[in-house]
Amino acid sequence: MISTQMKINHYDFEKSLFDRLNTNHFAKDLWPIVYILSDVETKTAYVGETTDVYSRMDAHLKHESKGKLKSVHLITSEKFNKSATLDIESNLIKYLSGDDVYGLLNGNLGLANHNYYQKKEVYWDIFKSIWNQLRAAGITKHSIQHIDNSDLFKYSPYKSLTQEQSQGLFQILKSLATGNYKNTIVEGGAGTGKTILAIFLFKILSSQLDDFSFKEFGDDEKEFIRLVKELRCKLPEPKMALVVPMSSFRATLKKVFKNIKGLNPKMVIGPTEVSKEKFDLLVVDESHRLRRRVNLTNYKSFDDGCKRLGLDKHSCSELDWVLMQSDNVVLFYDEGQSIKPTDTPTTEFERLKQNKESNLIPLKSQFRVKGGNAYVDYIESILQEKANIETPKFNSKSYEFLLFDDIDDMIDQIRKRDNESGLARLISGFSWKWISKNDKSLKDIKIGERELMWNGTPDDWINSENSINEVGCIHTTQGYDLNYSGIIFGNEISYDPQEQKIIIKPENYHDKNGKNTITDEEVLKGYIINIYKTLMLRGIKGTYVYVCDPILRNHLDSFIPKYKAEQNKTNVSFKTDNIVPFVNAIPFIDLNTIEAEFEEIHNKSDEKWIEMPRDLEPHNDVFATRVIGESMNKVLSNGTYCLFKKYVGGSINGQIVLIKKTNTGDKSPIYSIKEYEGKGYGEDQNNGYQTIVLKSLSTAPEYSNVVEEEVEPCSFKIIGTFLCALD
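Residues numbered from 1 in each chain as written. Predicted model: local features only at pLDDT ≥ 70, side-chain atom pairs only at ≥ 80, totals over all residues. Heavy atoms only, no water.

(A) Highlighting the nonpolar core. In this structure, F401, I488 and F489 are the most contacted members of the largest nonpolar core, which totals 105 residues. When residues of this core are assigned to their parent elements, the largest contribution, nine residues, is made by helix α9 (residues 194-206). Leaving out residues up to four positions away in the same chain, F401 has contacts with Y375, Y378, I379, F394, M536, T543, V545, I560 and P561. Residues V34, L92, V122 and Y123 belong to the second largest nonpolar core, which totals 30 residues. (Core = buried A, V, L, I, M, F, W, Y, C linked by side-chain atoms within 4.5 Å. Buried < 20%, exposed > 50% of the residue type's maximum accessible area, 1.4 Å probe, protein only. Helix = DSSP H or I, 4+ residues; strand = E, 2+ residues; numbered from the N terminus. Contact = heavy atoms within 4.5 Å.)

(B) Representation of the environment of N653. For N653, the position within the fold is in the loop between β25 (641-646) and β26 (656-661). The spacing of N653 and E675 is 22 residues in sequence and 8.1 Å in space, taken between C-alpha atoms. Setting aside chain neighbours within four positions, we find N653 in contact with Y676, E677 and G678.

(C) Just the confidence of the model for the protein, in detail. Model confidence for the protein is summarised by a mean pLDDT of 87, while 90% of its residues fall at 70 or above. Segment residues 681-686: pLDDT under 50, and 13 contacts once partners within four positions in sequence are set aside and those in other chains are kept. (pLDDT = per-residue confidence, 0-100.)

(D) Geometry of the packing of aromatic side chains. If you walk through the whole model with that rule in mind, you get 32 aromatic pairs. On the basis of an interplanar angle of 20° and a centroid distance of 4.1 Å, the ring pair of Y333 and F349 is categorised as stacked. Of the two residues, Y333 sits in strand β10 (residues 329-333) while F349 sits in helix α15 (residues 346-354), which places them 16 residues apart along the sequence. In this structure, Y333 and F349 share a single accessibility class: buried. Look at Y378 and F394: their rings are 6.0 Å apart centre to centre, the planes differ by 35°, and that puts the pair in the tilted class. One end of the pair, Y378, is in helix α16 (residues 372-383); the other, F394, is in the loop between α16 and β12 (400-404), and 16 residues separate them in sequence. You'll find Y378 and F394 in the same group, each marked buried. Joined through ring pairs, the aromatic side chains of Y95, W124, F127, W131 and F153 make up one cluster. (Phe/Tyr/Trp six-rings, centres within 6.5 Å; stacked < 30°, edge-to-face > 60°.)

(E) Region of the structure containing unusual backbone geometry. The backbone phi angle of K43 is positive, close to 55°, even though this residue is not glycine. Assignment of secondary structure puts K43 in the loop between β2 (33-39) and β3 (44-50). Take K43: its relative accessible area is 35%, and that puts it in the partly exposed class. Despite not being glycine, E286 has its phi angle at roughly 55°, a positive value. Mapped onto the secondary structure, E286 falls in the loop between β9 (281-284) and α13 (299-309).

(F) Structural context of α16. Look at α16: 17 Å from first C-alpha to last across 12 residues, which is about the 16 Å you get at 1.5 Å a residue. Residues G372, Y375, Y378, I379, S381, I382 and L383 constitute the buried set of α16. The inward-facing, buried residues of α16 abut β12, β17 (482-489), β19 (501-504), α20 (521-535), β20 (539-547) and α21 (550-556). Where α16 ends, the next residue or the one after it, E385, has phi of about 60°, a positive value. (Expected span 1.5 Å × (residues − 1).)

(G) A look at the packing of α16 against α20. Orientation of α16 relative to α20, taken along the N-to-C sense of each, is 155°, at an axis distance of 10 Å. Taken together, the axes of α16 and α20 lie roughly antiparallel to each other. As for how α16 packs across α20, the hand of that crossing is right-handed. Here α16 contributes I379, E380 and L383 to the contact with α20, which in turn contributes I529, Y532 and K533. When grouped by side-chain class, the residues that make up the contact of α16 with α20 number four nonpolar, no polar and two charged. (Axes fitted to C-alpha atoms, helices over the stretch in contact; angles between N-to-C directions. Parallel < 35°, antiparallel > 145°, perpendicular 65-115°, else oblique. Left-handed = near helix turned anticlockwise from the far one by under 90°. Nonpolar A, V, L, I, M, F, W, Y, C, P; charged D, E, K, R; others polar.)

(H) Molecular detail of the state of the cysteines. Enumeration according to the criterion identifies zero disulfides in this entry. Just so you know, C306 is unpaired, no disulfide at all, and the nearest cysteine sulfur is the one on C316, 3.2 Å from it. A relative accessible area of 1% means that C306 is categorised as buried. (Disulfide = S-S within 2.5 Å.)

Pasting the structure below:
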């Protein structure tokens, strides 16, 4: 069992610590150890690893800030080696920074991401066990899955940089430190890591160097340190800001900066604030969204900014404001994400690139979507009409890319993916008016018999409470990551079979500020294509597509693999009349839509009932449900209908069970089907138990066993034991 391979010991962080360490053989015998220093009152922590815990603790006690911490947790195991402790240290720093409980004193950037023997097979499970024990001790709060999906984790500067990102950061530092360039333009498509590089840059310029590590930059470590010192000499206490043109994404990055030691949410500003004061350094994320005076919703704000700077409001743009207000400018730019006439024209950026005071740094590798550059290139070829009938369909074992004929099927799949991994959302182009903006009783979008609503909030919509039931637009998703995106191509885009090209229907495009003043239909088409291209690069694990226009759908059918609805067909029969509960019918519980406590569901008047299988004896403890996802596909494939019997006690080791968890950090309980192995389980589920292993029986590598340590009965419950599949 993994629990015997790892232990966490708590000590008071004071001089008496060394006497107590004498009873810890891992400390005495110089084993590799991971440790956490913490203080509950100040909510401050530091993570480290060492083979000489005595000298390391002595140094920390003498340190100005670490010496004020109150507790130390030593994490030890006979399985630990230097590679393992470096990896666990790295993961603890990354996940603690995303947990939003403790502020970290660690200065490390670009943490270890190296491979070593049994990293995935053994040590990831050990790390999950460590994390769960820390949750039990109150050191950590949220589940790993919850943190993985959080913006704080996605944009954390404690995560690893790839080699290309490291080189990009190196080139940015060099461009700023040498003073040879006034403007640094970092150009890369969606998902190439532009935002994380911006945050890394701010972290470097805001952290103390005495506790800073550049080890992960390898042979370039000394050069990185030299450049940082040179830049700090040039800008010793820089007045700097991260300019984010989109208000929703700006609010998100303010939250990220609030939770990173050394950074401040006031560092994240909008373009209007640029016009009010001078800066030593301005970094602009999504600079393609800087505005000009065309189709604005607030002309006065723009005009006032121009007046403050003495610029002609009709000929300048917010890009001019940035260049005027700082001698050091870094622009993160993607021409392909300019989506409306308000955006600064690409010609201005092209002119700036040609300026001898500008340095251009390209980013090419895709880090968001698991389909990689091949998927990005494929999307580009389809939407820019470079693909033809002979182009092979994109196919990847690591990325789901599917075309749906039925909108209900796509919505169903998006909800299932959201239940599995979170952050699965519907997104669309502007093919419907936003009539529910002032009247929530109205539905904006009608596709066949299906009615849907636009996003209910413009700010941080993806993480809002009801977003799974709504449809987002480009303005609420640009800059954000999703696990799965369901893209609805609206009626403003179609295909001309004779001309063999994508066409648009301006009368069906309902973003007024996106089309007013445009007289050239090809220009509007360019913006609409950019919108869909940007939307189709949101999904990390997969992109689903539904196309309203039948001609365009038929065209895209040649390029996008088709979702096969028959995969989920079943012989299960639902009863709607002559129902005699638990005699000729058993209740069906949809794990996607549970709102009440599971135990209350049998009393609901709108219960769904499945016809009783002929070979099953009537029993009021039996119910049916449906498998969601691929975590058990060696035994039960996705969509399989199953019979379960309500669990009332007894040994269940080695059995498949339906589990309810309520300590996940999410508002609602999570239900899952797994193979169970446990120790110390009480007959009535009310006694404490020590260790639980929830086994995923899957061919998919992303599913691994979950180890729960010292689980409290109130946060974990066995609902039922598996009887058989109904299909």
